[in-house]
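The chain contents come next:
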Amino acid sequence: MRFNSYDISYMRFALQISSKEQGQVWPNPSVGCVVVSPKDKNLKQLDIIVGTGYTGKNGIPHAEVAALSEAKGKTVGSILYVTLEPCCHFGKTSPCTKEIIKNGISRVVIAMIDPNPLVSGKGIKELEDNGVEVLVGCCEKEAIIQNSGFISRITKNRPFVSLKLAVTKDNFICSSVKGRLKITSQKVDEYIHALRAKYDGLLIGNGTFMKDNPKLNVRLQGYDNHTPCKFILSSTGEIDSGSNLFMGRFDRPLYLIIGNEVTEAKINQLKENNINIIQVESDQQKGLLSLEETLYKIGDIGINKLLIEPGINLFKNLIKENIPDDIYIFKSKTNIGNEGIFIKEFEDLFADSNANFKLSYKREVFDCELIYYKKRVGDN
Ligand SMILES: NC(=O)c1ccc[n+]([C@@H]2O[C@H](COP(=O)([O-])OP(=O)(O)OC[C@H]3O[C@@H](n4cnc5c(N)ncnc54)[C@H](OP(=O)(O)O)[C@@H]3O)[C@@H](O)[C@H]2O)c1
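Residues numbered from 1 in each chain as written. Predicted model: local features only at pLDDT ≥ 70, side-chain atom pairs only at ≥ 80, totals over all residues. Heavy atoms only, no water.

Trainee: For the overall build of the protein, give the residues involved together with the corresponding values.
Mentor: Scanning the protein from terminus to terminus reveals 13 helices and 16 strands. Computed over the C-alpha atoms, the radius of gyration of the protein is 23 Å, within 12% of the 21 Å expected from 2.2 N^0.38 for a compact globule of 380 residues. Taken over the C-alpha atoms alone, the protein extends approximately 75 × 50 × 40 Å along its principal axes. For the protein, with 380 residues in total, the buried portion stands at 53%. Put simply, 71% of the contacts in the protein that link residues at least 6 apart link residues at least 24 apart. About 18500 Å² of surface is accessible on the protein, with carbon and sulfur atoms providing 50% of the total. Across the protein, 49 positive and 45 negative side-chain charges occur, with their mean positions spaced 4 Å apart. (Helix = DSSP H or I, 4+ residues; strand = E, 2+ residues; numbered from the N terminus. Rg over C-alpha atoms; globule rule 2.2 N^0.38 Å. Buried < 20%, exposed > 50% of the residue type's maximum accessible area, 1.4 Å probe, protein only. Contact = heavy atoms within 4.5 Å. Areas by Shrake-Rupley, 256 points an atom, 1.4 Å probe, with all protein chains shown as cover. Lys, Arg positive; Asp, Glu negative; His and termini not counted. Charge placed at Lys NZ, Arg CZ, Asp CG, Glu CD.)

Trainee: I'd like a rundown of the domain arrangement of the protein, residues and numbers included.
Mentor: Domain parsing of the protein yields domain 1 (5-146) and domain 2 (151-375). The distance between the C-alpha centroids of domain 1 and domain 2 comes to 34 Å. On the domain 2 side, the residues contacting the 14 residues of domain 1 number 18 residues. Counting the surface lost from both domain 1 and domain 2, the interface buries some 1200 Å², and carbon and sulfur atoms represent 55% of this. For domain 1, the biggest contributors to the area lost against domain 2 are Gln 22, Gln 24 and Trp 26; these three give 49% of the whole. For the pair domain 1 and domain 2, the number of links is 0 salt bridges. Our count for the domain 1 to domain 2 interface comes out at 3 residue pairs in polar contact (both at pLDDT 80 or more). Looking at the side of domain 1 that touches domain 2 residue by residue, the class counts come to 7 nonpolar, 5 polar and 2 charged. (Domains from an automatic or database assignment. Buried area = accessible area lost by both parts, 1.4 Å probe. Salt bridge = Lys/Arg side-chain N within 4 Å of Asp/Glu carboxyl O. Polar contact = N/O pair within 3.5 Å; in protein donor to acceptor, adjacent residues only side chain to side chain. Nonpolar A, V, L, I, M, F, W, Y, C, P; charged D, E, K, R; others polar.)

Trainee: Report on the site of the ligand, specifying residues and quantitative values.
Mentor: Within the structure, the ligand sits among 24 residues, and Ala 166, Thr 208, Lys 211, Asp 212 and Ser 235 are positioned closest to it. Here an oxygen atom of the ligand sits 3.2 Å away from a polar atom, N or O, in the main chain of Gly 207. At a separation of 3.3 Å, an oxygen atom of the ligand approaches a polar backbone atom of Ile 312. Taking 920 Å² as the accessible area of the ligand by itself, protein coverage stands at 85%. When residues of the shell around the ligand are traced back to their parent elements, those giving at least two are strand S6 (160-167), strand S7 (172-174), helix H8 (206-212) and helix H12 (312-320). Per-element tally for the shell around the ligand: the top contributor is H8, with 5 residues. Split into classes, the residues belonging to the shell around the ligand amount to 12 nonpolar, 9 polar and 3 charged. (Near = heavy atom within 4 Å.)

Here is the structure:
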């Protein structure tokens, strides 16, 4: 085997720390790096970690630069483990390859090649050309999962899309008579907020915005400032100035996704109110916005991972168009009876559409069952 158990352990450690600022580093990927000083047999020393780093907020610093700066003075002859190929181009920061070479690192172990054509393979070549030994592919599968958002945006021009839906035991997703139907307990809500914190963006439909007046933030101890950017699909761009999302628009960027027919005067008024606008085509007959174009435009902003918390109509259309990459269903253990909006069994729903999802696991999350589906490999 090309990688020994130490390589695998250090890379797993790098993968673990890579997610430290997940949700805050876009458009960059969340990278982790560990610098290890090898054992010196004469001094009977064991190899030791001399530096760790992860991509910081807004992509600064890069993981390698953070780890090398922590390892200052102990980098010559050391091994650097990194979850993505080091960059070799000038962006917001100078190239990591130059820093690695300058610091005298002798061996670089990389989990996966960067899918970005500006880097892909070129970072490795530059290191090798400068006498650094490079090994690629250590824990590659895990790294591909960890970088799924960045890979999706770079290779498909759209973010990795997850759906989250809460359903009652008898498959209702909302009430038709009362106000908002509370399906999940506070503990499960906290679990969901930790999930939200991993995403760069959160998107809802206008129906949910109007009926629920959500805040769409992360309300969880220790996760202040982890609220993702917020997106609302709203053809006409109407937004109540008393709504929670309008009032929270200075905390995190708020985007309204509107139809092309909204007037310039209206758009200017929204922009003056610190609301960002994305305009997309809408279906003339149904008046619905193009979900595909929405995703491309959200990808253009640099969002790598998007969590959609759809109401019934948005959920059905997303499934019909086979859009999500994975789906989190939180199923409570209580029935609500026969009033409300009912959703079919998911397998039936998938069978009625183009969607091709595979049940990945079911697990208990406090008083709920979490059912997790993944898009089958090979499906777009
Ligand atoms: N159980 C859960 O997990 C959960 C999660 C969220 C919401 N809900 C519940 O769901 C209910 C709202 O559901 P809903 O069906 O009325 O609203 P929704 O699915 O949240 O939003 C649908 C609206 O989004 C806009 N939209 C624009 N383009 C679209 C497209 N291509 N496909 C779908 N929608 C598009 C349309 O409004 P415009 O015409 O204004 O553009 C449309 O009416 C609420 O009662 C809420 O409590 C439940």
